[in-house]
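Each chain is listed here by its residues.
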Amino acid sequence: MDFIENVLEKLREWAQKLIEAILGPDVQPEAEPIPIPVDDRGRRR
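A. Looking closely at the overall build of the chain. Broken down by element type, the chain carries one helix and zero strands. Out of the 45 residues belonging to the chain, those deemed buried represent 2%.

Following this line, the structure appears as structure tokens:
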């Protein structure tokens, strides 16, 4: 099992290097949108 874990780790490293080569090293996750409060009361005074 240790051999399989080593192979999987190498594959992860190669995939990361490939992604960095294609997209650049500064890949950042997409920012989450900021929730905007909405006044959803049915009627206004």
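B. Structural view of the pattern of salt bridges. Within this structure, the stated rule accounts for two salt bridges. Here R12 and E9 are joined by a salt bridge, their closest N and O atoms 3.2 Å apart. Of this pair, R12 and E9 are both found in helix 1 (residues 2-23), three residues apart, which corresponds to roughly one turn of the helix. For the salt bridge of E13 with K10, the shortest nitrogen-to-oxygen distance reads 3.8 Å. Highlighted residues: E13 and K10, both in helix 1, separated by three residues, approximately one helical turn.

C. Up close: a nonpolar patch on the surface. A cluster of nonpolar side chains, M1, F3, I4, V7, L8, L11 and W14, forms an exposed patch at the surface whose accessible area comes to about 800 Å². Note that W14 resides in helix 1.

D. Molecular detail of helix 1. Relative to the 32 Å expected for 22 residues at 1.5 Å per residue, helix 1 spans 31 Å between its end C-alpha atoms, a close match to the ideal helical length. Backbone geometry just after helix 1 places G24 at a positive phi near 100°.

Reading the values: the criteria
Residues numbered from 1 in each chain as written. Predicted model: local features only at pLDDT ≥ 70, side-chain atom pairs only at ≥ 80, totals over all residues. Heavy atoms only, no water. Helix = DSSP H or I, 4+ residues; strand = E, 2+ residues; numbered from the N terminus. Buried < 20%, exposed > 50% of the residue type's maximum accessible area, 1.4 Å probe, protein only. Salt bridge = Lys/Arg side-chain N within 4 Å of Asp/Glu carboxyl O. Patch = residues over 30% accessible without salt bridge, like charges linked within 9 Å, V, L, I, M, F, W, Y side chains within 5 Å. Areas by Shrake-Rupley, 256 points an atom, 1.4 Å probe, with all protein chains shown as cover. Expected span 1.5 Å × (residues − 1).

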